[in-house]
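Residues per chain, in single letters:
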Amino acid sequence: MMSISPVRRWPLRLSVVAASAAIAASTLSACSSSSTASNAVSDEVTIADHAIPQSLDPMSSASYETTQLTFLWGGYLTNYADGKDSGTPQLASSVTASSDGLTWTIKLRSGLKFSDGSPLTSKDVVATLERILSTPNVAGDNWIGPAMGSIKQVTAPDDDTVSLAMNRPYPGMPAALSTPEMIILPASGIAEGNAFWKHPISSGRFKFDTLDTTNGKFTLSANTDYYDTTPHKVKKINFVAITDAATRLAQLKSGQVDYADNIPGNLLSQVTSPFTLDTAKWNGGQMALSVNFDDPIAGDERVRQAISLAVDRQQIVTSALGGETVGLPLYGIPWNQDNDSPNVQATKQDIAAAKAELKGTQCENGCTIPLVTVTDSAWQVPLVAQVVQQQLKAIGITLEIENTTFTQVGDRLKQGNWGLFTRWIGYYENTQTYLGGYIYGDPTSGNNANFWGTRPTKPDMPDLKVLSDQLKTASSAEAPGLVEKINEEYSKELPSIPLTTLSYVGASRFPKNVMYSVGASYMVLP
């Protein structure tokens, strides 16, 4: 199994950059007259993804396309459902914590089976969780680290019961069990290793029929051994990779596909009635500038404040993202499913104030800061970098953009000699437990480092850590006030510089809320 990198995440892997999509967009007018949108959903649908999954195993690849496919065929102990009833029972009949929060008891539904008809028991759940826990550096993983790092031991008292002994309380465990890495696999399949992934057995609503991993073509059909016998309309899925965004959209309009994912901002205007845009907000989704605190320039808090004052976030939304369908100006830490930060004061562009912040710094009379940018993943990233580069010229800061690839960026950041990193982030779990750890990077205490990328938060921000820990167990009434305090503390140091929120946008031939995506890559099918 591949070990998890400290910067492991799920990207929008787009093999064509927005510039090529813009050129191809001119070809769409010929297709736009073929309106094959429909209210009726047949029992067979075709989903066009934007990239070929590099692996079917979500523990080996956290890419968007792997995740989207995993959610279609995988079974989970709890439901992932738009962050609203996330954590409600699926394969489990109940997930309950002890009064001290140090033991979780998972009861399985009776009579569970895998798609090959073999029984699904607690030993399979134990094997699944132990597979994850045995992954090197799992406790420091940006995404599943907070939950997995809280688990001390997994046992099976009987065939229908799983017990989690905890190192520390993790109130968000039911929701964490619904995230893509937590797919329940047969213990026998795990023992097979790589051979299992040639045609994996399913514990979810759909199972694989055919797999063309080279070309990214998969067919799935209803798993007749799935516990939920509720009648559903869709019984077969064709999952195809179409790497060119304009081609995905053209095939949607010609009726070849039913849903085209990841439509770049410059193509959104091409999606007109009767076709519909499907906007799925990412939990904590944002574009930001991560900071290398070892850099003598970016590591200076005064320089970070100046950069935050100099950027025009609304212009970034308009020029780089293609409008507010994709993102909104962001002035603090994103909070909850709708990316709201309660009562956060907007940071308006103020060039004079930005220049004042630079007095006495290495940038007072101009400076250069290396900016690392990934060009082959989220289409938004290089465009945002270019807009920010232009904006900072007004205060004498030159961003020296260094382009790299998604597979190489982790190693590149570890090498140092960079000041800023154009970062795009978001996740599935949407609980206060997770988001509390999302704010302050300290993997040793059950937090991750999402805002900072490659290293924990500076140790001289203890007040931020205290607030983030309080948020983990705060009541729903207490949480908004804590978020306000967190943003106040956060703004003093700006350990990263928020730019915009970030949403996933697809296009469908059905009306809204018929076939759609939530949390970016979880497809809801009728």
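Once a new chain begins, its residue numbering starts again from 1 and follows that chain's sequence as written. With the structure being a predicted model, the display of local features is reserved for residues of pLDDT at least 70 and the display and counting of side-chain atom pairs for 80 or more, all residues being used for whole-chain, interface and lining totals. Side-chain numbers come from the whole structure's heavy atoms, not from hydrogens or water.

### Section: the packing of aromatic side chains
Selection rule: Each Phe, Tyr or Trp ring (for Trp, its six-membered ring) is paired with any other whose centre lies within 6.5 Å, and the angle between the two planes then decides the class: stacked below 30 degrees, edge-to-face above 60, tilted in between. Helix and strand definitions here come from DSSP, where helices need a minimum of 4 consecutive H or I residues and strands a minimum of 2 consecutive E residues; each element is numbered from the N-terminal end.
Overall, the coordinates contain eleven aromatic pairs when judged by the stated rule. With 5.1 Å between their ring centres and 75 degrees between their planes, Phe71 and Tyr522 make a pair best called edge-to-face. Residue Phe71 is located in helix α2 (residues 64-73), and its partner Tyr522 is located in strand β16 (residues 522-524); the two are separated by 451 residues in the primary sequence.

### Re the layout of surface pockets
The following threshold applies: Computed over the protein atoms alone on a 1 Å grid, cavities are sets of points where a 1.4 Å probe fits but cannot get out and pockets are open sets with protein on both sides within 12 Å along at least five of seven lines; a residue lines them when it has an atom within 4 Å of a point. Grid points are joined across faces, edges and corners, and a volume is the space filled by probe spheres set on the points. Residues are grouped as follows: Ala, Val, Leu, Ile, Met, Phe, Trp, Tyr, Cys and Pro are nonpolar; Asp, Glu, Lys and Arg are charged; every other residue, Gly included, is polar.
If you add up the space inside the second largest pocket, you get close to 450 Å³. Taken together, 23 residues make up the lining of the second largest pocket; nearest its centre are Asn79, Gln90, Arg205, Tyr522 and Met523. Listed by contribution, the elements that provide at least two residues to the lining of the second largest pocket are α2, β15 (516-518) and β16. Tallying contributions element by element places β16 first for the lining of the second largest pocket, with three residues. Residues belonging to the lining of the second largest pocket are distributed by class as follows: 14 nonpolar, six polar and three charged.

### What to know about the pattern of salt bridges
Convention followed: Any carboxyl oxygen of Asp or Glu within 4 Å of a side-chain nitrogen of Lys or Arg constitutes a salt bridge here. We call a residue buried when its accessible area falls under 20% of the maximum for its residue type, exposed when it is over 50%, and partly exposed in between, using a 1.4 Å probe and counting protein chains only.
In this structure the tally under the stated criterion is eight salt bridges. Salt-bridge contacts for Asp209 lead to Lys207; the nearest nitrogen and oxygen are separated by 3.0 Å. For Asp209, a relative accessible area of 31% translates into the label partly exposed. For Arg304, the salt bridge identified is with Glu493, shortest N-O distance 3.1 Å. Linking Arg304 in helix α8 (residues 301-310) with Glu493 in helix α15 (residues 479-493), this pair joins segments that are 189 residues apart in sequence. As far as the burial class goes, Arg304 and Glu493 line up, both buried.

### A word on the side chain of Ser115
Applied cut-off: Any two residues having at least one pair of non-hydrogen atoms within 4.5 Å are treated as being in contact.
Relative to the helices and strands, Ser115 is located in the loop between β3 (103-108) and α3 (122-133). Ignoring anything within four residues of it in the chain, the contact list for Ser115 reads Ile201, Ser202, Lys207, Asn223 and Asp225.

### Remarks on α8
Burial runs high along α8: eight of the ten residues are buried. Listed as buried for α8 are Val303, Arg304, Gln305, Ala306, Ile307, Ser308, Leu309 and Ala310.

### Quick word on helix α7 (residues 245-253)
Because an α-helix packs 3.6 residues into every turn, residues spaced three or four apart end up facing the same way. Defined as follows: Pairs of N or O atoms are called polar contacts if they sit within 3.5 Å, as long as, within protein, a hydrogen donor faces a hydrogen acceptor (for residues adjacent in sequence, only side-chain-to-side-chain pairs).
Here α7 lies mainly inside the structure; seven of its nine residues are buried. Among all positions of α7, only Ala245, Ala246, Arg248, Leu249, Ala250, Leu252 and Lys253 are buried. For α7, the side-chain oxygen to backbone nitrogen distance between the N-cap and Ala246 is 3.3 Å, and the N-cap itself is Asp244. Directly after α7, the chain includes Gly255, whose backbone phi takes a positive value near 90 degrees.

### A closer look at the nonpolar core
Most often, soluble globular proteins have nonpolar side chains that are buried together. Note the following rule: The criterion is simple. A nonpolar core is a set of buried Ala, Val, Leu, Ile, Met, Phe, Trp, Tyr and Cys residues joined through side-chain atoms within 4.5 Å.
Of all hydrophobic cores here, the largest spans 124 residues; its most connected members are Leu164, Met173, Ile307, Ile397 and Trp424. In this structure Ile397 touches Val303, Ile307, Leu358, Cys363, Cys367, Ile369 and Leu392, once residues within four positions along its chain are discounted. In terms of nonpolar packing, the next biggest core, distinct from the first, is built from twelve residues, Ala474, Leu482, Ile486 and Tyr490 among them.

### Focus: the environment of Val384
Along the chain, the position of Val384 falls in helix α11 (residues 380-392). Of the residues examined, Val384 reaches a relative accessible area of 0% and is grouped as buried. When the C-alpha atoms of Val384 and Arg423 are compared, they prove to be 9.8 Å apart, with 39 residues separating the residues in sequence. What Val384 contacts, discounting residues up to four positions off in sequence, is Met287, Ile316, Ala320, Leu321, Thr422 and Leu499.

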